[in-house]
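Summary of structural features
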Amino acid sequence: MTFWHDSAYATSVWSRVVGRRAQVDSVILDQQEQVAYNGQLSSQRLVPFGVPQGSVLGPLLYILYTAELDQLIANHRLHIHQYADNSQVDIRVLVSDVQAAVNSFAA
């Protein structure tokens, strides 16, 4: 999952992490990366998305981010299967209605 720091949804998620916004922001927004290759170091760059690997924030943000996904998908007559950090959305139609279903996605 890519978690964009400046998205409207991210702001909504932050509002759910009551009383911890400053701490969460400092972990998320102050991330920098640097590459070492062949004995040379690159300059540091700001990381505009994601959470530190191994952080408890990854699973927490994933749960908050996907909490209402099943209802949203169901509202569009689609079906969702979720397992761990994977989601699969499908549509179920009769064989005779396949072309109409494909056309509905293209619209």
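An account of the accompanying structure is given in this report. None of the values given here were measured: they were computed from a predicted structure. Each chain has its residues counted from 1, following the order in which its sequence is written. Residues qualify for local features only when their pLDDT is at least 70, as the model is predicted, and side-chain atom pairs are given and counted only at 80 or more; totals for whole chains, interfaces and linings, by contrast, use all residues. Note that water and hydrogens are dropped before the side-chain values are worked out from all heavy atoms of the structure.

**Describing the overall build of the protein chain**
Counting its regular elements, the protein chain contains five helices and six strands. A 1.4 Å probe rolled over the protein chains alone gives each residue an accessible area, and that area as a share of the maximum for its type sets the label: buried under 20%, exposed over 50%, partly exposed in between. The 107 residues of the protein chain split such that 21% are buried. Here, residues are in contact when the closest pair of their heavy atoms is within 4.5 Å. The long-range share in the protein chain, meaning contacts at least 24 apart out of those at least 6 apart in sequence, stands at 32%. Note on areas: these come from Shrake-Rupley sampling with a 1.4 Å probe, and a residue is covered only by the protein chains present in the view. Surface accessibility of the protein chain: about 8,400 Å² in total, with carbon and sulfur atoms responsible for 55%. Counting from the N terminus, the helices are DSSP H or I runs at least four residues long and the strands are E runs at least two residues long.

**Remarks on the pairing of strand E6 (residues 86–90)**
Where strand E5 (residues 79–83) meets E6, five bridges bridge the pair, whose relative direction is antiparallel. Looking across to E6, one finds that Tyr83 is bridged to Asn86. A strand pair is defined by DSSP finding two or more bridges across the two strands. Count of turn residues in the E5/E6 antiparallel hairpin: two residues, of which Ala84 carries a positive phi of about 55°.

**Side note on a nonpolar patch on the surface**
Residues enter a patch when their relative accessible area is above 30% and they make no salt bridge; the linking distance is 9 Å between like charges and 5 Å between nonpolar side chains (Val, Leu, Ile, Met, Phe, Trp, Tyr). Any Lys or Arg side-chain nitrogen found within 4 Å of a carboxyl oxygen on Asp or Glu counts as a salt bridge. A grouping of Ile91, Val93, Val95, Val98, Val102 and Phe105 is seen on the molecular surface, where their side chains present a nonpolar patch of about 540 Å² in accessible area. The residue Val98 is located in helix H5 (residues 98–106) in this model. The exposure class of Val98 is partly exposed, given its relative accessible area of 40%.

**Considerations on the environment of Pro48**
Position of Pro48 among the secondary structure elements: in the loop between strand E4 (45–46) and helix H3 (57–66). Here Pro48 falls in the partly exposed class, since its relative accessible area comes to 44%. Along the sequence, Pro48 and Leu29 sit 19 residues apart, while their C-alpha atoms lie 7.4 Å from each other.

**A look at unusual backbone geometry**
A positive phi angle is found at Asn38, which is not glycine, with a value near 55°. Relative to the elements of secondary structure, Asn38 occurs in the loop between strand E2 (36–37) and strand E3 (40–41). The exposed category is assigned to Asn38, whose relative accessible area is 70%. In this structure, Arg77 is a non-glycine residue whose phi angle is positive, near 60°. Note on placement: Arg77 falls in the loop between helix H4 (69–75) and E5.

**Observations regarding the pattern of salt bridges**
Within this structure, the stated rule accounts for one salt bridge. Of the charged contacts, one joins Asp90 and Arg92 as a salt bridge, the two residues approaching to 3.4 Å between their closest N and O atoms.

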